[in-house]
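One-letter residues, chain by chain:
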Amino acid sequence: MSKIFSTEGKIYSGMERIYQILLLNSIFIFSCLPVVTIGAALASAYGTAYKMIDHSEGVLYKEYLRQLKLNMLPATKLWVLILAVIGAGFWTFPYVQSFMVGNKTAYYLTMVFITFLVLMSLYLFPLIARFDNSLSGTVVNAMILSLKHLPQSIIVFFITIGGVVIVPIYLPKLLFIWLFTGIGTVIFINANILMNVFKKYDITEERS
């Protein structure tokens, strides 16, 4: 019985993990407050989650700050690019909508394209956190991996939608818990899935 409650027991490890996710969630939200840093915050959160999975995170907030410094420039560039693409999408939407009206082929092709972009986007910042690469290389790799590992991509998509959208909107009773652990939990679960995908590839590019 004493082993269960020891620092090496499952209960202690579980409580420590919950605390880490709570802390990761809080730091992530705080570092997202300047909207321009959301990309860097995502990459840093994933980078920290990878270390948590490997049990090599050390002091968690220090690791997060280290990841933030490491990922700030490439992740911010990518985030600004994503904002530009989203802005262009909103600007062209009336034209695309008029083109799709009464044209089922165009409608389905557009939906497939949007789905592909969404699945690809789920890989972008996790890739930045895991590998050293150019911006274009990261985007290309995200495209390839999102299709090559489609089952994992779909799982990550539903976890993200469920944890970030469905729980706070449709399960308001869990809102308090979600505020403190929701996004951190989503990132940690997704990091576990994506890390298994990334481990299949050349580790020489892996970030320290």
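Just so you know, the residues in each chain are numbered from 1, in the order the chain's sequence is written. Given that the model is predicted, a residue must reach a pLDDT of at least 70 before its local features are reported, and side-chain atom pairs must reach 80 or more before they are shown or counted; all residues, however, enter totals for whole chains, interfaces and linings. Only hydrogens and water are set aside when side-chain values are computed; all heavy atoms of the structure are taken into account.

**Digging into the overall build of the protein chain**
What counts as a helix is a DSSP run of H or I of at least four residues, what counts as a strand is a run of E of at least two, and both are numbered from the N terminus. Per the secondary structure count, the protein chain includes seven helices and zero strands. Across the protein chain, helices and strands are ordered from the amino to the carboxyl terminus as α-α-α-α-α-α-α. Dimensions along the principal axes, computed over C-alpha positions, put the protein chain at roughly 70 × 45 × 35 Å. Classification of the 208 residues of the protein chain by burial places 39% in the buried group. By definition, residues are in contact when any of their heavy atoms lie within 4.5 Å. Put simply, of all contacts in the protein chain between residues at least 6 apart along the chain, 73% involve residues at least 24 apart. To be clear on the numbers: accessible area is Shrake-Rupley with a 1.4 Å probe, and residue cover counts the displayed protein chains and nothing else. For the protein chain, the exposed area adds up to about 12,500 Å²; of that, 74% sits on carbon and sulfur atoms. Residues scored as charged are limited to Lys and Arg (positive) and Asp and Glu (negative), so that His and the chain ends carry no count. The atoms used to mark charge sites are NZ of Lys, CZ of Arg, CG of Asp and CD of Glu. Averaging the positions of the 15 positive and the 9 negative side-chain charges in the protein chain gives two centres separated by 8 Å. Classification of residues uses two cut-offs on accessible area relative to the type maximum, computed with a 1.4 Å probe and protein chains only: under 20% is buried, over 50% is exposed, and between them is partly exposed.

**As for unusual backbone geometry**
With the exception of glycine, most residues fall at negative phi, and the peptide bonds are largely trans. With phi around 60°, H55 is a residue other than glycine that occupies positive phi space. Here H55 is to be found in the loop between α2 (38–53) and α3 (60–100).

**Concerning the packing of aromatic side chains**
Each aromatic pair joins two rings of Phe, Tyr and Trp (for Trp, the six-membered one) with centres within 6.5 Å, and gets the label stacked for planes under 30 degrees apart, edge-to-face for over 60, and tilted for any other angle. Per the counting criterion, the structure on display carries six aromatic pairs. Both rings, one in F131 and one in F198, keep their centres 5.7 Å apart while their planes meet at 75°; by these two values the pair is edge-to-face. Of this pair, F131 sits in the loop between α4 (104–130) and α5 (135–148) while F198 is found in helix α7 (residues 175–198), placing the two residues 67 residues apart along the sequence. This pair shows no difference in class: F131 is buried, exactly as F198 is. Ring geometry for F157 versus F158: centroids 5.3 Å apart, planes at 75°, classification edge-to-face. Taking the relative accessible area as the measure of exposure, F158 reaches 54% and is therefore exposed.

That is the geometry; function is a separate question.
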